[in-house]
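Notes for the structure review
Single-letter residue listing:
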Amino acid sequence: MKDTGNTTAEYSIHMEGEDTVVRFQGIMDSSIAPAMIESLPGKLSSASQLSLVADLSNVTYLDDFGALVLLELRRLMRDRNGAFRVAGATEKVKEILLLIDFDSLDEPVETKRKSRSIFVGLGEATIRIYSEFKQMISFLGSVFISLIYVAAHPRSLRTDDTFLCMQRTGVDALPIVGLISFLLGLIMAFMSSVQLQQFGANIYVASLVSLAMTRELGPIMTAIIVAGRSGSSFAAEIGSMKVSEEVDALVTMGFDPVRFLVVPKILAAVLMVPLLTLFSNLFAIAGGLIVGVFMLDLTGGAYITQTIRTLTLFDVFWGVGKSCIFAFLIAWIGCFRGFMVRGGAASVGQATTSAVVSSIFLIIVTDSLFAVILRYW
């Protein structure tokens, strides 16, 4: 069987033993590929052999369209559960087939899940954590260098961005911090009153709420809220700039990205979180006051007097000092996770989540260290 309908190439079909041989000759390019793909399956339908050989010994030129003809033949034999192979290809034709990776085209992908040892996974996780720790320390050094530079050159500080970050970190967070602190103080007063009422010690509800909030819960709850609001915002903002290559543009223009993006956020957080902590303490004491007045038959004056007697300036400044450290950790981790973004939008989401989780973890660990220091001071 022979097809000479095209002047650039022709093919013939022969039966040689157990093989069906399609012998091509001439040029196999885009001018003949559609006609061959259309005619060959019909002419091969009568062949009963389960082995098809494409003989390319007389092919002078082959491009990707010619390879498509061979690919269709291979698909045809795969559907028939038959074998297909290419024979007689010249060195030039072999180079073309190798260039387009013909042997791997249209091959079914085997998705075989490799079982990994738990020790391999543990080792990979350890290496990854160690690498991230080195990057965090390096970034921390860059932050301190930038802060020192800004302290020596105050005009280099972007004041407008700093005030904007202060508003977003502090003023915008005040309603949610106040509400949660008020409810927390109310709950603490209510739960402690159940036990203290048995001993006629209702007045000590004020002491419990004020001490717990100023020393521990006020700073830590405020820091967790700020980590969820502002820490994630810092990571998402810088991460989006990394994806859109804005950070690279800053470097190209001669700006230090740490000084340009990170310093305003760190200063804003360190200045506003302590103020939020003071407001948190006040709202929590107000929540305890509501319970004391309406449930424990205490007067407002007695409750406030007991609170003032219990608290010392050390308690207040201890909590405020801790909140400054927490604020620095939140801004540092949030910006670091933003700079570590690689890829697209999914990486930004992962960085945002990681920033919140890492910030809360460091806040809890740091607060534990402060508790030990306070105990043995």
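Residues numbered from 1 in each chain as written. Predicted model: local features only at pLDDT ≥ 70, side-chain atom pairs only at ≥ 80, totals over all residues. Heavy atoms only, no water.

**Details of the packing of aromatic side chains**
The condition that has to hold: Under the pairing criterion, centres of Phe, Tyr and Trp rings, with the six-membered ring standing for Trp, must be within 6.5 Å; the plane angle then separates stacked pairs below 30 degrees from edge-to-face pairs above 60, leaving the rest tilted. For a lysine, the NZ atom is tested; for an arginine, the CZ atom; a charge sits over a ring if that atom is within 6 Å of the ring centre and within 35 degrees of the ring normal.
Taken as a whole, this structure holds six aromatic pairs when the rule is applied. Centroid distance Phe255 to Phe260: 5.2 Å. Interplanar angle 55°. Geometry classified as tilted. One aromatic cluster is present, built from ring pairs that chain together Phe139, Phe336 and Phe339. Of note, Arg158 hangs over the ring of Phe260, and the distance from its end group to the ring centre comes to 3.7 Å. Cation over ring: Arg375 sits above Tyr376, and NZ or CZ is 5.3 Å from the ring centre.

**A word on the environment of Gln198**
What counts, and what does not: Helix and strand labels come from DSSP, where a helix needs a run of H or I of at least four residues and a strand needs a run of E of at least two; each type is numbered from the N terminus. Here's how the labels work: a residue is buried when its accessible area is under 20% of the maximum for its type, exposed when over 50%, partly exposed in between, all with a 1.4 Å probe on protein chains only.
Along the polypeptide, Gln198 turns up in the loop between helix H6 (174–196) and helix H7 (204–243). Its relative accessible area of 57% is what places Gln198 among the exposed residues. Counting along the chain gives 117 residues from Gln198 to Asp315, while the straight-line C-alpha distance between them is 28 Å.

**Focus: the pairing of strand E4 (residues 51–62)**
Here is the key point about a regular strand: its side chains alternate between the two faces of the sheet. Worth spelling out the cut-off: Between any two strands, pairing holds if DSSP finds at least two bridges. When the strands point away from the viewer and the path from the first strand over the helix to the second turns clockwise, the crossover is right-handed.
Where strand E3 (residues 19–28) lies against E4, eight bridges are found, and the strand directions are parallel. Looking at E4, one finds that Val22 is bridged to Ala54. By the bridge criterion, five bridges tie E4 to strand E5 (residues 83–87) in an arrangement that is parallel. Of the residues in E5, the one forming a bridge with Ser51 is Ala83. As for the winding sense of the linkage, the β-α-β connection from E4 through helix H2 (residues 64–79) to E5 is right-handed.

**A short note on the pattern of salt bridges**
Applied cut-off: The rule for a salt bridge is simple: a side-chain nitrogen of Lys or Arg has to be within 4 Å of a carboxyl oxygen of Asp or Glu.
The full count for this structure, using the stated rule, is nine salt bridges. The residue Glu237 makes a salt bridge to Lys265 at a minimum N-O spacing of 3.4 Å. Highlighted residues: Glu237 in helix H7 and Lys265 in helix H9 (residues 257–295), separated in sequence by 28 residues. Given a relative accessible area of 33%, Glu237 falls into the partly exposed group. Arg259 is the partner of Asp256 in a salt bridge, and the nearest nitrogen-oxygen pair spans 3.8 Å.

**A short note on the side chain of Ser359**
Stated formally: What qualifies as a polar contact is a pair of N or O atoms within 3.5 Å, subject to a donor-acceptor requirement within protein and to the restriction that residues adjacent in sequence count only when both atoms come from side chains.
Structurally, Ser359 can be placed in helix H12 (residues 345–376). A relative accessible area of 0% means that Ser359 is categorised as buried. From its side chain, Ser359 meets the backbone oxygen of Ala355 in a polar contact 2.7 Å long.

**Quick notes on the state of the cysteines**
What counts here: When two cysteine sulfur atoms are found within 2.5 Å, that pair is recorded as a disulfide.
All chains considered together, the criterion is met by zero disulfides. For the unlinked cysteine Cys165, the closest cysteine sulfur is that of Cys335, found at 8.5 Å. A relative accessible area of 11% places Cys165 in the buried class. Free cysteine: Cys324, not disulfide-bonded; nearest cysteine sulfur from Cys335 at 17 Å. The exposure class of Cys324 is partly exposed, given its relative accessible area of 27%.

**Looking at helix H11 (residues 313–339)**
The test is simple: Given the number of residues in a helix, its expected span is that number minus one, multiplied by 1.5 Å.
Its 27 residues place the ends of H11 39 Å apart at the C-alpha level, agreeing with the 39 Å of an ideal helix rising 1.5 Å per residue. Of all 27 residues in H11, 20 are buried, a share of seventy percent or more.

**Structural notes on unusual backbone geometry**
Not every positive phi belongs to a glycine, and Glu245 is a case in point at roughly 65°. Tracing the backbone shows Glu245 in the loop between H7 and helix H8 (246–252). Of note, the phi angle at Asp297 is positive, near 60°, even though the residue is not glycine. Of note, Asp297 is situated in the loop between H9 and helix H10 (300–310). On the basis of relative accessible area, Asp297 is assigned to the exposed category, the value being 72%.

**Examining the side chain of Asp315**
In plain terms, the rule: Contacts are residue-level and defined by heavy atoms, with any inter-residue pair within 4.5 Å sufficient.
Locating Asp315 in the fold gives a position in helix H11. Residue Asp315 is classed as buried on the basis of its relative accessible area of 3%. Excluding residues within four positions of it along the chain, Asp315 makes contact with Leu211, Thr214, Arg215 and Thr310.

**Some thoughts on the nonpolar core**
For clarity, the threshold we go by: Side-chain atoms within 4.5 Å are what join buried Ala, Val, Leu, Ile, Met, Phe, Trp, Tyr and Cys residues into a set we call a nonpolar core.
Membership of the largest hydrophobic core comes to 35 residues, with the highest contact counts inside it found for Phe139, Val143, Val262, Trp332, Phe339 and Ile363. Those elements that place two or more of their residues in this core are helix H4 (118–152), H7, H8, H9 and H11. Counting residues per element, this core draws most heavily on H11, which supplies 11 residues. With near-sequence residues (within four places) excluded, Phe139 lies in contact with Val258, Val262, Trp332, Cys335, Phe336 and Phe339. Of all hydrophobic cores here, the second largest spans 27 residues; its members include Ile32, Met36, Val69 and Phe84.

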